[in-house]
Amino acid sequence: MLFRLPFSDPAGWSFRKAIIVGLVVLHSAWIVVHLNLVSRDLINPWKLSGYGMYTIPHPNPVLHVFDSRFAGFEIPSDTYKAYDIVSQNRFFIFRCQPITVASLQVFLNDNPKFVGVPLRFIVTELKLLRDPIRPEREPHSILEIRWTGQTTFDYAGKICGELYHGKAELKS
Amino acid sequence: MNVRGLTVPRLPDYLMPVPVVKAGEDIGKYIRLALMAAMLSVGFEQLPGLIKPETFHWFFTIALAIGAVITLAAAWTEKYSRIAVAVFCVFYLYDFLDGWSAQANHGWLAVWTIPVAILFAKWWEQPLYADYLRITLGVVMIGAASQKILAGTYLDGTYIAYLSHFGSTTENMFRFLCSVDTLNSPCGWHKFLGTFIVLWQIGVGLLLLAGVRSLVFLAVEIGFLLGAGLFADEMNFQVLNIALLCIAFRVGMSYALFIVCAALLLIDLHGIGRFIEYVI
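The structure displayed is predicted, hence computed values, not measured ones.

Caption draft 1: Quick peek at the overall build of chain B. The number of helices and strands found in chain B is eleven helices and two strands. Helices and strands appear in chain B in the N-to-C order β-β-α-α-α-α-α-α-α-α-α-α-α. A compact globule built from 280 residues would reach a C-alpha radius of gyration of about 19 Å, and chain B, at 20 Å, matches this within 12%. Considering only C-alpha atoms, chain B reaches an extent of 60 × 60 × 40 Å along its principal axes. The burial tally for chain B puts 41% of its 280 residues in the buried class. Summarising the internal contacts of chain B: among those between residues at least 6 apart in sequence, 73% fall at separations of at least 24.

Caption draft 2: Here's a closer look at the interface of chain B and chain A. Each partner contributes to the interface: chain B provides 34 residues, whereas chain A provides 39 residues. Among the elements of the structure, helix H4 (105–113), helix H5 (127–151) and helix H6 (158–166) of chain B are those that each provide at least two residues to the side of chain B that touches chain A. If you tally residues by element for the side of chain B that touches chain A, the top one is H5(B), at 15 residues. Of the residues contributing to the side of chain B that touches chain A, the split by class is 20 nonpolar, eleven polar and three charged.

Caption draft 3: A look at the pairing of strand E5 (residues 152–159) of chain A. Residues and elements named next belong to chain A. As paired elements, strand E4 (residues 134–147) and E5 share seven bridges and run antiparallel to each other. What sits directly across from Ile142, in E5, is Lys158. As defined by bridge partners, E5 adjoins strand E6 (residues 162–169) across eight bridges and the pair is classed as antiparallel. From the neighbouring strand, Asp154 faces E6, where its bridge partner is Lys167. Counted between consecutive antiparallel strands, the loop separating E5 from E6 contains two residues, among which Cys160 sits at a positive phi close to 50 degrees.

What counts, and where the lines are drawn
Residues numbered from 1 in each chain as written. Chains lettered and ligands numbered in written order. Predicted model: local features only at pLDDT ≥ 70, side-chain atom pairs only at ≥ 80, totals over all residues. Helix = DSSP H or I, 4+ residues; strand = E, 2+ residues; numbered from the N terminus. Rg over C-alpha atoms; globule rule 2.2 N^0.38 Å. Buried ≥ 20, exposed ≤ 12 C-beta atoms within 10 Å, placed from the backbone. Contact = placed C-beta atoms within 7 Å. Nonpolar A, V, L, I, M, F, W, Y, C, P; charged D, E, K, R; others polar. Pairing = 2+ DSSP bridges.

Structure (structure tokens):
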């Protein structure tokens, strides 16, 4: 049994039918754009309405914060608030978007004990490796901040092979 | 039911996955029941974020639960269905858009499909809405298959091999098919399963777009979706798909299937894997 295509009731056009056709076109076009963005590793395939879940393990990005004064010392994640910096960076679903200055300022306001402390932020992602097949958490993005005054700092980072840097100031 | 001389006992009506409509009976209530199941799946998806005691007062949680029950019940009635769907969409879209970047594809599919019902006074009688769901689900199936081909992890069996050895309780159900050497080079069975899943999605997508409306097709796809949900230990998306298919095929959802879906959503709150571990 078949529908009459493209619509069961092909008689004429109406406002509602135009909306429906528009939504289908928009949805289909977005899926193509999503595929393109995924193919260039720019977004997390599990998110943003592209239906790429279960194609790779969920990258599950995690933010790690290190105190640069002590080599390799990762600050325990239960000793600081990180939700705001993670949510302001859209949970890192845009994989090549640098950590924003505004989110750094929010992080430092949320955790005033880190003002004046040189910090290193590393975002890791779960990746599917081969030979042999295995999941492994790998660094994806890195950012360092160095204080130049009581409320001013320089930052420099690397993401998707691109370097970026700048100056910023604490905002209350 | 007779099959070449054999008498096959017929299931009671209330156990049929597809509603058995008697002459003169309104099929609309079964179609509205399907949308109710879709809304329920969305509610369950958002639930964990809404019942955190540290975020919300218990009074809010109870008020939300009562409101949800009333809205869902109203969505089932002929008189208030449209307004109930509209109320649901207002709250859902507000919550959804607040954290859009963290939302799963399940939530996005609901955004693309459920609010469109509001366009029609009696959406359950509208072939246009059913057509929209059918075409949308067809596009989604093709899109999902394209993502799998693009990732390159299905046709060569990599993802099934990965799940078989590093997945949760249900995800590793196909581990027995191959030795641990499949991690170095995926075995034939894992390649077959990965390829089968991709071809199945393409096939279903094309059949939906072509407008095939056979009940056998619907029943087989419902079975496949339930199996996929069990495998991936994720029932919300599958229940939403099943419910939308029931509307797209214009047959609605039987009471039996609704109860199964609701039970699966409840179990899914903690995960099917954990449920199996608890029972076994």
